[in-house]
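Inside the fold
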Amino acid sequence: MKTSSSDLGPVVLSCRNVWKVYGPRADSFFRPVSAGARDPAARAAEIRATGHIVANASVSFDVHKGEIFVIMGLSGSGKSTIVRCLSRLVEPTAGEILLDGEDLLKKSTAELIEIRRHKLGMVFQSFGLMPHLNVIDNIAFPLKLQGMGEADRHARAARVIELVGLTGRERNYPSELSGGQQQRVGIARSLAVEPEVWLLDEPFSALDPLIRKQMQDEFLRIQRKLHKSIVFITHDFQEALRIADRMAIMRDGAVVQIGRPIDLILNPADDYIRDFTQDVPWESILRASDIMEPVSGTVEGLRRVAEDTSVASVLPDLGSSAGVVVEGPRGTVLGIVTARGLAASLALGCAQTGPSGSA
Amino acid sequence: MAQVDRCTALWIGAIAITLIGVLLQGRLDWLARYPEAWVLPVADVVNAVSNWVVRHFAWIFQGMSALLEYPIRAVQKGLHALPWSVAMLLFCILAYAASGWRLALFTLGASAYMLTIGYWDAGMNTLSLVAISVPSAILVGFAIGVWGFRSARAERVIMPTLDVLQTVPTFAYLLPILMLFGFGTVVGLIASILYSFPPMVRNTILGLRRVAPEVIESGLMAGATRRQLFWQVRVPSARRQLMLGVNQATMASLSMVIIASVIGGTADLGWEVLSTIRKAQFGESLLVGLVIALMAMVIDRVTIGFAGASDRSGKTAPRNSLWLFAGMAIVLIYGACLMLPLLYDWPAAYRINPAPLMNEALSGFITAFRTQIEAIKTAAFYFVMLPARIGLQGAVSPFTWGFALTPGHQIAYALGMIALALWSARRWTPKAGIAVLIFAVIYFFGLTGLPWPTLILILVLLSHGIGGAAMALGTALGLLFIVVTGNWPAAVLSIYLCGIAVAIAFTLGSAIGIWAAQNDRVSAIVRPINDTLQTMPLFVILIPFVMIFKIGDFTALLAIIAYAIVPAIRYTEHGLRDLPETVIEAARMIGTTPRQLLWQVKIPLALPIMMLGLNQTILYGIAMLVIAALVGANGLEQTVYIALTDGNVGQGLIAGLAMAIIAIIADRMTSGWSRRRQATLGLDSQ
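Here the structure is a predicted model, which is why all the values come from computation and not from measurement.

Across its full length, chain A holds 14 helices and 13 strands. Taking 2.2 N^0.38 as the reference for a compact globule, 359 residues should give roughly 21 Å; the C-alpha atoms of chain A span a radius of gyration of 23 Å, in line with that estimate. With respect to the principal axes defined by its C-alpha atoms, chain A has extents near 65 × 55 × 35 Å. Looking at chain A as a whole, 44% of its 359 residues qualify as buried. Within chain A, residue pairs in contact and separated by at least 24 positions form 68% of the contacts whose partners lie at least 6 positions apart.

The interface of chain A with chain B comprises 22 residues on the first partner and 21 residues on the second. Elements supplying a minimum of two residues to the side of chain A that touches chain B: helix H3 (109-118), strand E6 (120-123) and helix H4 (135-145) of chain A. The residue inventory of the side of chain A that touches chain B, partitioned by class, reads 11 nonpolar, eight polar and three charged.

Another aspect to go through is the domain arrangement of chain A. Residue and element names in this part refer to chain A. Domain parsing of chain A yields domain 1 (9-277) and domain 2 (284-351). For domain 1 versus domain 2, the distance between C-alpha centres works out to 35 Å. Contacts between the two partners involve six residues from domain 1, matched on the other side by six residues from domain 2. Considered class by class, the residues forming the side of domain 1 that touches domain 2 number five nonpolar, one polar and no charged.

Another point: the nonpolar core. Grouped together as the largest cluster of nonpolar side chains are 201 residues, with contacts concentrated most on Leu174(B), Ala501(B), Ile560(B), Ala564(B), Met624(B) and Ala628(B). Considering every element that reaches this core, the biggest residue donor is helix H23 (residues 488-518) of chain B, with 19 residues. Each of domain 1 (58-365) and domain 2 (474-681) of chain B gives at least three residues to this core. In terms of nonpolar packing, the next biggest core, distinct from the first, is built from 103 residues, Val70(A), Phe127(A), Leu199(A) and Ile265(A) among them.

Before going further, it helps to examine the sheet that holds strand E2 (residues 53-64) of chain A. Residues and elements named next belong to chain A. Pairing is antiparallel across the open sheet formed by four strands, whose spatial order is E2-E1-E4-E5. Two strands lie at the open edges of the sheet, namely E2 and strand E5 (102-103), each paired on one side alone. Of the strand pairs in this sheet, strand E1 (residues 11-22) and E2 are connected by eight bridges, and their pairing is antiparallel. If you follow Tyr-22 over to E2, its bridge partner there is Ile-53. Along the sheet face, helix H2 (residues 79-86) touches E1, E2 and strand E4 (94-99) and points at about 120 degrees away from the line of E1.

Here the focus is the sheet that holds strand E10 (residues 254-259) of chain A. Residues and elements named next belong to chain A. Pairing in this open sheet of six strands is mixed, and the strands run E6-E7-E8-E3-E9-E10 from one edge to the other. In this open sheet, the two edge strands, each paired with only one partner strand, are E6 and E10. The average angle at which neighbouring strand axes cross in this sheet is 15 degrees, direction not considered. Across five bridges, strand E3 (residues 68-73) lies against strand E9 (residues 246-251) in parallel orientation. When the sheet's bridge partners are listed, Phe-69 is paired in E9 with Arg-246. Packed on one face of the sheet, H2 meets E3, strand E7 (197-201), strand E8 (229-234) and E9 and runs near 155 degrees to E8.

What follows deals with the packing of H23(B) against helix H26 (residues 553-577) of chain B. All names here are of chain B. At a minimum axis distance of 6 Å, the contact between H23 and H26 shows a crossing angle of 35 degrees. Here the hand of the crossing between H23 and H26 comes out right-handed. Broken down by class, the residue content of the contact of H23 with H26 amounts to 22 nonpolar, four polar and three charged.

Moving on, we get to the domain arrangement of chain B. Residues and elements named next belong to chain B. Domain assignment breaks chain B into domain 1 (58-365) and domain 2 (474-681). Distance from the C-alpha centre of domain 1 to the C-alpha centre of domain 2: 26 Å. Across the contact, 31 residues belong to domain 1 and 27 residues belong to domain 2. If you list the elements that add at least two residues to the side of domain 1 that touches domain 2, you get helix H7 (152-167), helix H8 (170-181), helix H12 (239-259), helix H13 (269-278) and helix H14 (282-309). Among the elements that make up the side of domain 1 that touches domain 2, the one with the highest residue count is H14 (nine residues).

This next bit is on the pairing of strand E11 (residues 303-306) of chain A. Residue and element names in this part refer to chain A. Where E11 and strand E12 (residues 324-327) come together, four bridges link them in parallel fashion. From the neighbouring strand, Arg-303 faces E12, where its bridge partner is Val-324. Assessed by its sense of winding, the connection that carries the chain from E11 through helix H13 (residues 311-320) to E12 is right-handed.

Reading the values: the criteria
Residues numbered from 1 in each chain as written. Chains lettered and ligands numbered in written order. Predicted model: local features only at pLDDT ≥ 70, side-chain atom pairs only at ≥ 80, totals over all residues. Helix = DSSP H or I, 4+ residues; strand = E, 2+ residues; numbered from the N terminus. Rg over C-alpha atoms; globule rule 2.2 N^0.38 Å. Buried ≥ 20, exposed ≤ 12 C-beta atoms within 10 Å, placed from the backbone. Contact = placed C-beta atoms within 7 Å. Nonpolar A, V, L, I, M, F, W, Y, C, P; charged D, E, K, R; others polar. Domains from an automatic or database assignment. Core = buried A, V, L, I, M, F, W, Y, C linked by C-beta atoms within 7 Å. Pairing = 2+ DSSP bridges. Axes fitted to C-alpha atoms, helices over the stretch in contact; angles between N-to-C directions. Left-handed = near helix turned anticlockwise from the far one by under 90°. Right-handed = clockwise from strand over helix to strand, strands pointing away.

See below:
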């Protein structure tokens, strides 16, 4: 659409044609290394026909520095497997995982442990806290494994405890905390090692809706502070929309479409994606910058809004005036939103059916 | 439908064969009794092997025995050297650390009782054996458990071995140990370790396996090495289950230490009970029994307390000051001991001995109620036990039932039972009809009156119905082993006694369980009684029954019922209370009466759990049966016990194995049925 992906940072984590096949002869399908590169869908169907389970079929995506990359899919779509492949909790059957340009799959066990200790952090759906450790020891646990002294690791843990708002709970045990608080511990623990890449596997799915919303806000607040490169797994489309810079939708182990939320809404790749997007309140997802057109006349006397203003909040103006001016950070005029432009954008999104997006 | 018909036909065929067998056994001697000449000399072979081993390798074991004497002696000396006041304080501090003030007070009371009643020294002897056997059992059990957790192949070997170790009658493995290690405390120690490490293995494997995958993953993501992952993530996360293993191992160890005293040579509590029972000093035996019971309760609560504490919030600061306080108190009391000898050794003159009084009261009671006691005993014997053993055909006589069994009676019985079977088949399922028929046949001819091949046939068919061909094969092989080793007659007697006891315990226990599930007050009364019975070393349960009913089958029966009723109550109540709330609500909304709710919704749903209770009832019954040999049960347990006193390793081991086989078959059948049923009902198997 209007803004391209040119403002994305350098690629930090890259997933290239990753396959995960479960079954007795899983490896045999990938003996000639190129075998996976053929038409993945056909290949996956072939493998499934032999009774093997294909959890991931040639999954590829890039995660850029500082972005929140959401992988969304229903249960059984392979999203949890792929995030485990990224950290080699699950060993991929074929493909490449590049972290800072180096293939993670070629690392020895010792190197992998080092990478997990310093570069990766992970948050789990059911928290995965150590039941025998209190909050501060849970958070400092990765540091303890690295051999850091108690005073140092507690000092570092104290910082993240403050970040996630758990101050005062340091001596409590996980069983004494609510679900939301437990996940705060999980988040704090994954951040204690100051990872480059932050993996979150359905972190809020086990929480009540209200708490979930609150935690999403917390998460965004933390991210605004830390600018991590994030892979965030969820089965909740609304959550994905709220959080994602870019997102991938998975189905049957394969990626169906990758793009910004708005790309998916305006340009769904197929009916499957459309099923998700059709009930989305587009006016609250669309930003002014998504539907603006180049300025072609005078902009005197029109209302001026920032580029990330939601369309919902400019709708009243569109009816009564010629349009709303979209301005950049220093007051520069970027474009103009008009009723006609809005209608054109939506019509375009509804008309297109073929696969598209920035994949 | 065809399946059911085939099954029914099969069963009716089996019943027909049984009847034919009964008719034929008058003529064919081998049907009635497996011929002596066909018995395989397995026991002799075992004896030969064991003699050879003892002759050539005994020195190794004797050496080990001598080495093991040292730690036992050391701990015994240590515990005896400790003034009672200091020891008591230590126990109380331990109890307080495990659970709190209430347990500390209870411990104080229990040890004060042990002291004033005059069994402090015997108690310390028992405790020192437990103190050595428990850590050894835990170490061994943990190591084997880790091995089983790591390797699936190892687990396949370990699990059946544990089954055998836990079901072989305890007396049976005292025997080879006795042979190898010679007499002495070491035998008790080793038997106790062997008996108590299996629960630790089971809990270790279970605990390590049950750690949530996400906890492991989070450990991996924290960058744990293999070793770190195991010791800092997996083991501590499984701590609760491991501590439950410690608890069970400790209780088993205490139980075995008490039982092992039958071989003598230990001046411990078990020996006191046994010798007082033998001398018919029931007052004394009851007093000692209470000491054992109290000790068991304290040890149980302390270890459970530590298991629970592993997940509680750690109050580190108060803990430290507790230890400080404890240390100071110990030093203070020790100082006081040096000045006041009373605090060091409790003088014999201050002992309270209510035993003579109790003995008098008891004999008074027995003389006063002699007729009633006799009436209960004979009624049970004539109307329940005798028919089950030799059948109505043998039991009914003018002398017992007041009339002779005429052909008219027999025909009436046959017709009545067939009618009842047909009615049950129509009312419920054909299987119910079959069950009625089989019970009718058994009740008429008696377990011992049935030819052995037909009894085996019935059991094999039953296994086939529950677990398919594999289970049927296992049952057949197991039972044939019992037959060819010549243990069948004794086995039938064991099955008979245990069978009646289990039937009564299960019926009564289920009734109480149902009542307790409906009524919170009943539940509150029943629960502590159950807890106490369950923690009680088996030995102790015998005492009150022996006191009143003397030695014999009936006493054994009552003791087995008293012990085996616990799981029947527990599981029934648990099964009924733990049903999915939505089902109950739905049933209420349909408009069921409380009675309908119970019988048509709750009980059918809880049945699988209740069957699990039956499974436990049987295993508890068999465990108690073994001990009941001491008070005059006649089956395999008696064979084992006699072999123990005769030093006949082969006979003891084979008969012990036969009991284990019966226990394992019963276990597989009931748990198999329960599991299948739970799967159909879609309930979680716990």
